[in-house]
Amino acid sequence: MQYNFNEIEAKWQKKWADEKTFQVNSNQGKKKFYGLDMFPYPSGAGLHVGHPLGYIASDIVARYKRHLGYNVLHPQGYDSFGLPAEQYAIQTGQHPAKTTQANIQRYRKQLDQIGFSFDWSREVRTSNPDYYKWTQWIFTQLFNSYYCNKTDKAKPIQLLINHFEEQGNDGLDVASDEVIAPFNATDWKEFSAAKKEEILLQYRLTYLAETEVNWCPALGTVLANDEVINGRSERGGYPVQKKKMKQWSMRISAYAERLLKDLNQLDWSDSIKEAQRNWIGKSEGASVKFKVQNHAANIEVFTTRPDTIFGVSFMTLAPEHDLVNQITTPEQKQSVEAYIKAASLKSERDRMADVKTISGVFTGAYAAHPFTKQPIPIWIGDYVLAGYGTGAVMAVPCGDQRDFDFAKHFNLPIPNVFEGVDVANEAYTDKENAIITNSNFLNGLQGKKAIEEAILALEDEKIGKRQTNFRLRDAVFSRQRYWGEPFPVYYVNGTPKLIKEKHLPLVLPEIDEYLPTEDGAPPLGRAKNWAWDTKNNQVVENTKIDHINVFPLELNTMPGWAGSSWYMFRYMDPQNQEQIASQEALNYWENVDLYIGGSEHATGHLLYARFWTKFLNDLGVIPVEEPFKKMINQGMILGESAFAYRLKDTNTLVTKSKAKMDEVDPIHVDVSMVNLSNELDIDAFKKWRTEFSTADFVTEENGSFVVGREVEKMSKSKYNVVNPDDICETYGADTLRMYEMFLGPIEQAKPWNTAGITGVHNFLRKLWKLYHDKEGFSVIDQPASKEALKILHKTIKKVTEDIENFSFNTSISTFMIAVNELSKIDCNAKEVLNPLAILISPFAPHIAEELWQKMGHHVSISTAPYPKYEEKFLVEDTKTYPISFNGKMRFTLDLSLSLSKEEIEELVMNDEKTKNQLAGRTPKKVIVVPGKIVNIVG
RNA sequence: GCUCGGAUGGUGGAAUUGGUAGACACGUUGGACUUAAAAUCCAAUGACCAUUGCGGUCGUGCGGGUUCAAGUCCCGCUCCGAGUACCA
């Protein structure tokens, strides 16, 4: 009886789809479990073997939880807006919707082939108007909210307007832009409507503002901070520069404290939590005002070390600082201007690469030390960043290495304020242990106490105050792109107005080309119908714009993370036309119990999704504060690239053993042309690319041509991509699923190597054979042997523990051991093989279903109750004791577990082998740990 | 530089609160079956020494330490991977 996996798998995949086996509804009577994968961006390359790794893991857990009786929500969908489809559209003129649709179909086919238990009736696509209607809706909610620091909650903007009408902007504790001119109630009432809107924008949770953005000319769009890596775009690796542009931003900074604090309640890996903590970057200290001499201006600085304030010997402003022009003396004007110009020309990347070069210029101006009133020279230098704090620092060279280096370089004094510390060669940056000296009232104080005293003094003298700063910046939310959500925004004389909720979605218009317009406007500037008719509430031709009733619409679109910031809630009720999801569904499913995905989203998606969740929670829309309770980050599956070695400047290829590495160029070879022994299929290679059709080959003595191997990221350009399709074809989906899990711990990165796959495949065949003999199905309904039951229960125990710990590789070993052992004793008792099928069904669902059916069951195995582990089958009466001498195991001894310590010692000491080992010596000590070990010392 | 991981046979990887290091699998070698090959099955497989059988020495990146006992705990290093980048 053959294990015909292709047939079995097709049969069950069809059955699951036809019978809607995995469709789920909220069910108050059952405990819920929500297992979610980070949904994929459907790229043109299709799935490679790395993608399903996480999906398989979450599918195992989802199926396991079903067996345990949970009501399991396990959906899948597509993050289908994004750059690659648009880049492709630019090149080919194909509408991104079309390529996206084709890619989704391919993904779906590949996913179906692996046998996932997704509830596809809940699929979402972020590029679907039914979906992005609600993305736009959330945007309008953010627009109509401000953040109240007192209650730590977002509130309707109307409450703020009420406050303005009563007392202007006095007495507010809310999140806003940094500098807002004060006004009173009378002022407010007299302001024009446009002026009022302008003021309100400074408080809204999403706002339009002139901001310094990361502009990527090659992509023709701005990027968020998390999309820029080392001064280059995350996608494509193109250079990024700073540019001021009017953009929509998200006031995520208002949520900084909560985003930080609530990390503690999440069951996520420490490294991701740490990455978020660093990204949020909370620092506590004080802001201090320094008066500029002979000038009305004050320079405000932020410092975490107010205790070192008597060590200030100069100040440094960022070149972009607003005051620089005002305070620079005529003598210094020329060099200051030259420096500012040079700094502005440097790209972000240059500036970062240049960290070690110290540069700066004296402005000629002096500030007065807030306590001593001594003059302090004011410098500018690009080691101070305009975007952090106030863009100015009080330089304490004895306590900060950068200030120290700057002082050394420009020969500025380095006064020492630390007791018993030498600061001749480097700054002393220890915050805890520093004892302050030469500092008036701070003398003799240490660490926190000194900082505390300094802040109190600053506040007493009204020259500074306690302050907390965050590194987290507001997130730029506009993209100069076509393939994204349109903003539900139109402009009345430059003032943004929102389209009312009931008229959403605002659907993406058609355009002729997916490029910016000639005058540099985003692609939506090409749309002929992109104006809002406020009378009829619909999109109309641009020609109708009259700025009375018909207004131009926003030309930017939303970024990729918009749709992915809330999709986990849409799955709960994906067809809802009235709400993002029904209250009932939101209350029942709450949030994601297990989220599986890559760790590369640590500071992007995972932070934004938390932000929007908290915001929607503030509004009372959703009942939870956090979207993902527990998260597992699967490691990347790497590719094993293959290289042929070509003699430099020739067309001669040399087999690995004869190639001298300094005389050859390694050339990537498609891994599909290489067999398990690293031998190249030369004929296929010649046909692969014309340049090789005439190549000469220097082979091994036996005529084979061996390639070199190297582990790299799996990518099309490296020709090392392995598709799951081929594996499913050759070995079956169950083998693929088990093999991916068998490779090693889920969180660890590892190279893909099919060498071991036969082992897993053989295991499934052995499993099949356990239920069959030559004649056919051989499971019989008769009592199982004690031994067989012991094997079963040992397996239940271990596999269950392993699933709970996400240690899938070891559970597969356990199955292998169980099947080996059961085969050895020819077990064919249903009492054992029935529960065994259930145990294995989360891992290899197709074969499990087939065996289950053969054992006479008529409903899917997927909801069969999970076998219960019973201790009584495992009770042993003897233990094979390792007998060690001085910690080294020499032999083993089977002894009854009922023996006492003393009895064990006696039996061991009287054993012939012990006497041999001791060779007449008398042991100093005998350690007996009943049930574990015996160690004889001496 | 900082933060977080990691280092175990030829390979992927196991090893509970410190208690038989190398489970399971791949690969390799030998054997059975076969006209032959594949598939399958059986056996061996950390290194070294010894070998007629028993056996012995060394072994979890390196150097120390704690302990009857250390892959596991402590101290000091080395190397590799990931993230981050002048954050005042």
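Remember, predicted model here, so these are calculated numbers, not experimental data.

Conventions and cut-offs
- Residues numbered from 1 in each chain as written.
- Chains lettered and ligands numbered in written order.
- Predicted model: local features only at pLDDT ≥ 70, side-chain atom pairs only at ≥ 80, totals over all residues.
- Heavy atoms only, no water.
- Helix = DSSP H or I, 4+ residues; strand = E, 2+ residues; numbered from the N terminus.
- Contact = heavy atoms within 4.5 Å.
- Areas by Shrake-Rupley, 256 points an atom, 1.4 Å probe, with all protein chains shown as cover.
- Lys, Arg positive; Asp, Glu negative; His and termini not counted.
- Charge placed at Lys NZ, Arg CZ, Asp CG, Glu CD.
- Salt bridge = Lys/Arg side-chain N within 4 Å of Asp/Glu carboxyl O.
- Buried < 20%, exposed > 50% of the residue type's maximum accessible area, 1.4 Å probe, protein only.
- UniProt positions renumbered as here; feature names shortened; annotations may be inferred.
- Near = heavy atom within 4 Å.
- Polar contact = N/O pair within 3.5 Å; in protein donor to acceptor, adjacent residues only side chain to side chain.
- Domains from an automatic or database assignment.
- Pairing = 2+ DSSP bridges.
- Axes fitted to C-alpha atoms, helices over the stretch in contact; angles between N-to-C directions.
- Phe/Tyr/Trp six-rings, centres within 6.5 Å; stacked < 30°, edge-to-face > 60°.
- Lys NZ or Arg CZ within 6 Å of the ring centre and 35° of its normal.
- Core = buried A, V, L, I, M, F, W, Y, C linked by side-chain atoms within 4.5 Å.
- Patch = residues over 30% accessible without salt bridge, like charges linked within 9 Å, V, L, I, M, F, W, Y side chains within 5 Å.
- Parallel < 35°, antiparallel > 145°, perpendicular 65-115°, else oblique.
- Left-handed = near helix turned anticlockwise from the far one by under 90°.
- Nonpolar A, V, L, I, M, F, W, Y, C, P; charged D, E, K, R; others polar.
- Arc of directions from axis to C-beta.

Quick notes on the overall build of chain A
Inference 1: Scanning chain A for helices and strands turns up 29 helices and 34 strands.
Inference 2: Expressed as lengths along the three principal axes of its C-alpha atoms, the size of chain A is roughly 100 × 85 × 75 Å.
Inference 3: Intrachain contacts of chain A at a sequence separation of at least 6 include 70% that bridge at least 24 residues.
Inference 4: For chain A, the exposed surface amounts to about 42800 Å²; the carbon and sulfur share of it is 48%.
Inference 5: On chain A, the mean spot of the 108 positive side-chain charges and the mean spot of the 122 negative ones are 2 Å from each other.

Concerning the pattern of salt bridges
Inference 1: What the rule picks out here adds up to 35 salt bridges.
Inference 2: The closest approach of N and O atoms between Asp512 and Arg526, which form a salt bridge, is 3.8 Å. Of this pair, Asp512 sits in the loop between strand S19 (495-498) and strand S20 (531-533) while Arg526 sits in the loop between S19 and S20, placing them 14 residues apart in sequence.
Inference 3: Asp512 gets classed as exposed once you look at its relative accessible area, which sits at 55%.
Inference 4: Looking at Arg526, the relative accessible area reads 18%, which means it is buried.
Inference 5: It is possible to trace a salt-bridge network through shared partners that takes in Arg258, Asp262, Arg610, Lys614, Asp618, Glu625 and Glu626.

Overview of helix H26 (residues 830-840)
Inference 1: Here H26 lies mainly inside the structure; nine of its eleven residues are buried.
Inference 2: Val832, Leu833, Asn834, Pro835, Leu836, Ala837, Ile838, Leu839 and Ile840 are the residues of H26 that are buried.
Inference 3: Those residues of H26 hidden inside the fold are in contact with helix H2 (52-67), helix H22 (733-742), helix H23 (757-770), helix H24 (786-804), helix H25 (808-824) and helix H27 (845-854).

Some points on the UniProt feature "binding site: ATP" (unreviewed entry) in chain A
Inference 1: When the UniProt feature table is mapped onto this chain, "binding site: ATP" (unreviewed entry) is found at Lys716.
Inference 2: Assignment of secondary structure puts Lys716 in the loop between strand S29 (708-713) and helix H21 (724-730).
Inference 3: Among all residues touching Lys716, those that are not within four sequence positions of it are Ala45 and Val721.

Remarks on the protein's contact with RNA strand B
Inference 1: Neighbouring RNA strand B are 47 residues, the closest being Thr304, Tyr388, Arg402, Leu743 and Lys932.
Inference 2: The protein-proximal atoms of RNA strand B, defined as those within 4 Å of the protein, are 59% sugar or phosphate.
Inference 3: Within the backbone of Leu743, an N or O atom sits 2.6 Å from a sugar or linking oxygen of RNA strand B.
Inference 4: Contact distances for RNA strand B include 2.8 Å between a base oxygen and a side-chain N or O atom of Asn935.
Inference 5: Looking at the surface near RNA strand B, the elements with two or more residues in it are helix H10 (270-280), strand S11 (298-303), H23, H25, strand S31 (878-885), strand S32 (888-896), strand S33 (925-929) and strand S34 (933-937).
Inference 6: The greatest single-element share of the surface near RNA strand B, amounting to six residues, is contributed by H25.

With respect to the domain arrangement of chain A
Inference 1: Per the domain assignment, the segments of chain A are domain 1 (5-129 + 563-633), domain 2 (282-470), domain 3 (489-555), domain 4 (638-713), domain 5 (728-732 + 754-862) and domain 6 (878-937).
Inference 2: Measuring from the centre of the C-alpha atoms in domain 1 to the corresponding centre in domain 2 gives 50 Å.

Quick word on the sheet that holds S34
Inference 1: Ordered by their spatial adjacency, four strands build an open sheet running S32-S31-S34-S33, and the pairing between neighbours is mixed. Each edge of the sheet is formed by a strand with only one pairing partner; in this case those strands are S32 and S33. Shown here is a sheet whose adjacent strand axes are inclined to one another by a mean of 20°, direction ignored.
Inference 2: Pairing geometry for S31 and S32, over eight bridges, is antiparallel. Across the sheet, the residue bridging to Tyr881 is Leu893, located in S32.
Inference 3: Each of S31, S32, S33 and S34 touches helix H28 (residues 901-909); the most contacted strand, S33, lies at about 125° to it.

As for the packing of aromatic side chains
Inference 1: What the rule picks out here adds up to 59 aromatic pairs.
Inference 2: Geometrically, the ring pair formed by Trp379 and Phe410 is tilted, given 4.7 Å between the ring centres and 45° between the ring planes. In this pair, Trp379 sits in strand S14 (residues 375-380) while Phe410 sits in helix H14 (residues 401-410), placing the two residues 31 residues apart along the sequence.
Inference 3: Positioned over the ring face of Trp120 is Arg108, at 3.9 Å from the centre of the ring.

Things to note about the side chain of His48
Inference 1: With respect to the helices and strands, His48 occurs in the loop between strand S1 (32-37) and H2.
Inference 2: Taking the relative accessible area as the measure of exposure, His48 reaches 16% and is therefore buried.
Inference 3: Here His48 is in contact with Met714, Val721, Val722, Asn723 and Pro724, once residues within four sequence places are set aside.

Brief notes about the nonpolar core
Inference 1: The biggest cluster of nonpolar side chains holds 100 residues, and the ones touching the most others in it are Met738 and Tyr771.
Inference 2: By residue number, the principal contributor to this core is H2, which donates eight residues.
Inference 3: Among residues more than four places away in sequence, those in contact with Tyr771 are Gly776, Phe777, Ser778, Val779, Leu833, Leu836, Ala837, Leu851 and Met855.
Inference 4: Core analysis: the second largest hydrophobic core is formed by 95 residues, Leu36, Val124, Tyr255 and Trp566 among them.

Notes on the sheet that holds S1
Inference 1: Taken together, the four strands give an open sheet; going across it, the order is S2-S1-S23-S24, and neighbouring strands pair in parallel fashion. In this open sheet, the two strands that pair with only one neighbour each are strand S2 (71-73) and strand S24 (631-633). Direction aside, the axes of adjacent strands within the sheet are offset by 15° on average.

Section: a positive patch on the surface
Inference 1: On the surface, a cluster of positive charge is contributed by Arg765, Lys766, Lys769 and Lys774.
Inference 2: Looking at the secondary structure, you find Arg765 in helix H23.

Observations regarding a negative patch on the surface
Inference 1: There is a patch of like negative charges on the surface, built from Glu902, Glu903, Glu905 and Glu906.
Inference 2: Summarising the element assignment, Glu906 is placed in helix H28.

Description of the pairing of strand S3 (residues 145-148)
Inference 1: Side-chain alternation along S3 places Ser145 and Tyr147 on one buried face and Tyr146 and Cys148 on a second face that is also buried.
Inference 2: With four bridges joining them, S3 and strand S4 (residues 153-156) adopt antiparallel strand pairing. When the sheet's bridge partners are listed, Tyr147 is paired in S4 with Ala154.
Inference 3: Joining the antiparallel neighbours S3 and S4 is a turn of four residues, in which Asp152 adopts a positive phi near 55°.

Observations regarding the packing of H24 against H26
Inference 1: At a minimum axis distance of 10 Å, the contact between H24 and H26 shows a crossing angle of 15°. The orientation of H24 with respect to H26, classified from their angle, is roughly parallel. Every pair of crossing elements has a handedness; the one defined by H24 and H26 is left-handed. In this structure, H24 contributes Ala788, Leu789, Leu792, Thr795 and Ile796 to the contact, and H26 contributes Glu831, Val832, Pro835, Leu836 and Leu839.
Inference 2: In the contact of H24 with H26, the residues fall into eight nonpolar, one polar and one charged.

Examining unusual backbone geometry
Inference 1: Residue Leu504 is joined to Pro505 through a cis peptide bond whose omega torsion reads 0°.
Inference 2: By secondary structure assignment, the location of Pro505 is in the loop between S19 and S20.
Inference 3: Phi is positive for Asn294, which is not a glycine, with a value near 60°.
Inference 4: Secondary-structure assignment places Asn294 in the loop between strand S10 (282-292) and S11.

Let's talk about H28
Inference 1: Among all positions of H28, only Ile904, Val908 and Met909 are buried. Taken around the axis of H28, the buried residues stretch over an arc of 120°, which confines them to a single face. For H28, the exposed residues set more than 90 degrees away from the buried face come down to Glu902 and Glu906.
Inference 2: Contact partners of the buried residues in H28: S31, S32, helix H29 (912-918), S33 and S34.

Here we look at a nonpolar patch on the surface
Inference 1: A grouping of Ile927, Val929 and Ile933 is seen on the molecular surface, where their side chains present a nonpolar patch of about 190 Å² in accessible area.
Inference 2: Checked against the element boundaries, Ile927 lands in strand S33.

Comments concerning the environment of Ile414
Inference 1: Position of Ile414 relative to the elements: it lies in the loop between H14 and helix H15 (447-460).
Inference 2: A sequence separation of 392 residues divides Ile414 from Phe806, and the C-alpha atoms of the two residues are 55 Å apart.
Inference 3: Residue contacts for Ile414: discarding those within four places in its chain leaves Pro397, Cys398, Phe404, Ala407, Lys408 and Val423.

Brief notes about the pairing of S10
Inference 1: In the sheet, S10 pairs with strand S16 (residues 464-470) via seven bridges, with the strands oriented antiparallel. Bridging across to S16, Ser283 finds its partner in Asn469.
Inference 2: The sheet contact formed by S10 and S11 spans six bridges and is antiparallel. Looking at S11, one finds that Ala286 is bridged to Thr303.
Inference 3: Linking S10 back to S11 in an antiparallel pair, the connection comprises five residues, with Asn294 at a positive phi of about 60°.
Inference 4: Two elements, S10 and strand S13 (residues 361-368), share two bridges in a ladder whose sense is antiparallel. Within S13, the position partnered with Lys291 by the bridge is Ala368.

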